[in-house]
Amino acid sequence: MNPYILAILLFGLGLGTTITFASSHWLLAWMGLEMNTLAIIPLMAQHHHPRAVEATTKYFLTQAAAAATLLFASVTNAWLTGQWEIQQITHPLPSTMITLALALKIGLAPLHAWLPEVLQGLDLTTGLILSTWQKLAPFALILQIQPSNSTLLIILGLASTLIGGWGGLNQTQLRKILAYSSIAHLGWMILVLQFSPSITLLTLLTYFIMTFSTFLVFKLNKATNINTLATSWTKAPALTALTPLILLSLGGLPPLTGFMPKWLILQELAKQGLAPTATLAALSALLSLYFYLRLSYAMTLTISPNNLTGMTPWRLPSTQLTYPLATSTAMTICLLPLTPAISALLNP
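Residues numbered from 1 in each chain as written. Predicted model: local features only at pLDDT ≥ 70, side-chain atom pairs only at ≥ 80, totals over all residues. Heavy atoms only, no water.

- By the naming in an unreviewed UniProt entry, the protein goes by NADH-ubiquinone oxidoreductase chain 2 and is assigned to Xenotilapia spiloptera.
- Under the UniProt heading Function (unreviewed entry), the note attached to the protein is "Core subunit of the mitochondrial membrane respiratory chain NADH dehydrogenase (Complex I) which catalyzes electron transfer from NADH through the respiratory chain, using ubiquinone as an electron acceptor. Essential for the catalytic activity and assembly of complex I."
- The Sequence similarities (unreviewed entry) field of the UniProt record for the protein holds the comment "Belongs to the complex I subunit 2 family." (UniProt positions renumbered as here; feature names shortened; annotations may be inferred.)

1. Considering the overall build of the protein
Link 1 in the chain: Each helix and strand counted, the protein has 18 helices and zero strands in total.
Link 2 in the chain: The C-alpha atoms of the protein give a radius of gyration of 20 Å, which matches the 20 Å a tight globule of 348 residues would have.
Link 3 in the chain: Projected onto the principal axes, the alpha-carbon positions of the protein cover approximately 70 × 50 × 35 Å.
Link 4 in the chain: Relative to all contacts within the protein whose residues are 6 or more apart in sequence, the contacts with residues 24 or more apart total 78%.
Link 5 in the chain: Approximately 15,100 Å² of the protein is accessible, and the part contributed by carbon and sulfur atoms is 72%.
Link 6 in the chain: In the protein, 13 side chains carry a positive charge and 6 a negative one; their mean positions are 15 Å apart. (Helix = DSSP H or I, 4+ residues; strand = E, 2+ residues; numbered from the N terminus. Rg over C-alpha atoms; globule rule 2.2 N^0.38 Å. Contact = heavy atoms within 4.5 Å. Areas by Shrake-Rupley, 256 points an atom, 1.4 Å probe, with all protein chains shown as cover. Lys, Arg positive; Asp, Glu negative; His and termini not counted. Charge placed at Lys NZ, Arg CZ, Asp CG, Glu CD.)

2. Brief notes about the pattern of salt bridges
Side-chain pairs of opposite charge can arise where the charged atoms are in close proximity.
Link 1 in the chain: Inspection of every chain in the model, using the stated rule, returns four salt bridges.
Link 2 in the chain: Between K176 and E117 there is a salt bridge, with the nearest N and O atoms lying 3.5 Å from each other. Here E117 lies in helix α5 (residues 114–120) and K176 lies in helix α9 (residues 174–192), a separation of 59 residues in the sequence.
Link 3 in the chain: Using a relative accessible area of 16% as the deciding quantity, one classes K176 as buried. (Salt bridge = Lys/Arg side-chain N within 4 Å of Asp/Glu carboxyl O. Buried < 20%, exposed > 50% of the residue type's maximum accessible area, 1.4 Å probe, protein only.)

3. Points about the packing of α9 against helix α10 (residues 197–220)
Link 1 in the chain: At their nearest, the axes of α9 and α10 sit 9 Å apart, and the two run at 170° to each other. Taken together, α9 and α10 sit at an angle that is classed as roughly antiparallel. Contacts between α9 and α10 involve L174, L178, S182, H185, M189 and V192 from the first element and I199, T200, T203, L204, Y207, M210, T214, F215 and F218 from the second.
Link 2 in the chain: A per-class count over the contact of α9 with α10 returns 10 nonpolar, five polar and no charged. (Axes fitted to C-alpha atoms, helices over the stretch in contact; angles between N-to-C directions. Parallel < 35°, antiparallel > 145°, perpendicular 65-115°, else oblique. Nonpolar A, V, L, I, M, F, W, Y, C, P; charged D, E, K, R; others polar.)

4. With respect to the UniProt feature "domain: NADH:quinone oxidoreductase/Mrp antiporter transmembrane" (unreviewed entry) in the protein
Link 1 in the chain: Per the UniProt entry, the sites bearing "domain: NADH:quinone oxidoreductase/Mrp antiporter transmembrane" (unreviewed entry) are residues 23–285 in this numbering.
Link 2 in the chain: In residues 23–285, helix accounts for 77% and strand for 0%; the two terminal C-alpha atoms are 35 Å from one another.

5. A closer look at empty space enclosed by the protein
Link 1 in the chain: Under the defined criterion, the tally for this structure stands at two cavities of 30 Å³ or more.
Link 2 in the chain: Taken as a whole, the largest cavity holds about 100 Å³ of empty space.
Link 3 in the chain: In terms of lining, the largest cavity is formed by L33, N36, T37, Y59, Q63, K105, I106, W114, L130, Q134, K135 and P138.
Link 4 in the chain: When contributions to the lining of the largest cavity are tallied by element, the ones reaching two or more residues are α2 (26–44), α3 (50–81), α4 (92–106) and α7 (133–145).
Link 5 in the chain: Residues belonging to the lining of the largest cavity are distributed by class as follows: six nonpolar, four polar and two charged.
Link 6 in the chain: Estimates place the volume of the second largest cavity at around 50 Å³.
Link 7 in the chain: Lining the second largest cavity, in full, are A184, H185, W188, L250, G251, K262, S288 and Y292.
Link 8 in the chain: Secondary structure elements with two or more residues in the lining of the second largest cavity: α9, α13 (237–251) and α15 (275–300).
Link 9 in the chain: Among the elements that take part in the lining of the second largest cavity, α9 stands out by supplying three residues, more than any other.
Link 10 in the chain: For the lining of the second largest cavity, a count of residues per class yields four nonpolar, three polar and one charged. (1 Å grid on protein atoms, 1.4 Å probe; cavity = no way out; pocket = protein on both sides within 12 Å on 5 of 7 lines; lining within 4 Å. Points joined across faces, edges and corners; volume = space filled by probe spheres on them.)

6. Comments concerning the domain arrangement of the protein
Link 1 in the chain: Assigned domains of the protein: these are domain 1 (1–113) and domain 2 (149–307 + 320–347).
Link 2 in the chain: Inter-centroid distance (C-alpha atoms) of domain 1 to domain 2 is 25 Å.
Link 3 in the chain: Opposite the 10 residues of domain 1 that make contact, domain 2 presents 12 residues.
Link 4 in the chain: Of the roughly 920 Å² buried between domain 1 and domain 2 on both sides combined, carbon and sulfur atoms contribute 79%.
Link 5 in the chain: Taken as a group, L108, A109 and H112 account for 49% of the area that domain 1 buries against domain 2, more than any other trio of residues on that side.
Link 6 in the chain: For the pair domain 1 and domain 2, the interface holds zero salt bridges.
Link 7 in the chain: Of the residues contributing to the side of domain 1 that touches domain 2, the split by class is six nonpolar, four polar and no charged. (Domains from an automatic or database assignment. Buried area = accessible area lost by both parts, 1.4 Å probe.)

7. Digging into a nonpolar patch on the surface
Link 1 in the chain: There is a patch of nonpolar side chains on the surface, built from M1, I5, L6 and L10 and spanning about 330 Å² of accessible area.
Link 2 in the chain: Using a relative accessible area of 46% as the deciding quantity, one classes M1 as partly exposed. (Patch = residues over 30% accessible without salt bridge, like charges linked within 9 Å, V, L, I, M, F, W, Y side chains within 5 Å.)

Here it is, written out as structure tokens:
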């Protein structure tokens, strides 16, 4: 892609998210979300592969439906209450509609079906943008409206953690596994949203760091399915040794960074008297842990076939920058001891 066009599209992505962040009026927030969607569509379709075009079309249709619902709900809110302020959503009808529209935007279960399909059709770089940056603007709106319907949030959260765990179990494609992982993590964030928005924000940031590391590892190995991972030990042996730690951090095992948000969320849910919800969420994390362990096993304990086709990719050195990967990997593995300091920052 032409670098000038790429720069304009990335600028559009940044601008769309910033407009949504800065807006207090529903129309402006909607406009920011639309800019975001329109800027990423050429990036998704840039390879002109039928699968990429299909993914782009699916993405466009779901995002357009979500944006239309959001616009309809905000107009309904203005009609019922006479104002367009984002933080003044008092009526339960527009509040519920907006929550569901934003859930469709980010891919929360049961409105998640488009996410694995879309991610599977993209290359890893665009997939990374879709899994991280594209979640920011809708999340900012969810945090601002503080949805009043707590039952809806808990249903969305639990459904996402369970479907995110179950859906990834029988997948062999890495991008689909990462999509289900994304759904499960979003479910954890939504569960705790009404009780502690600061923990939700912390979970979102740690999810970004861990997903960034995982996508960059797969990109370095040019891996798109589980079998390709077995050849990675000849390319980057040190990274292959660290990758299980990244994956287990995504699964939320101590003493890795990914344990911190899960620990704080379970603690908060127990404080609020929601012990059954916390138990169900913790059990659903075991489902996700299984497929992360499967990836770790394929990567470190499986020897790839030593035939000609298996050896070909070993000879191609990667052109990817390793500094971002090194930084994010260190953060993915080592941030757990900073939990007290982070908690103090979040709750001054």
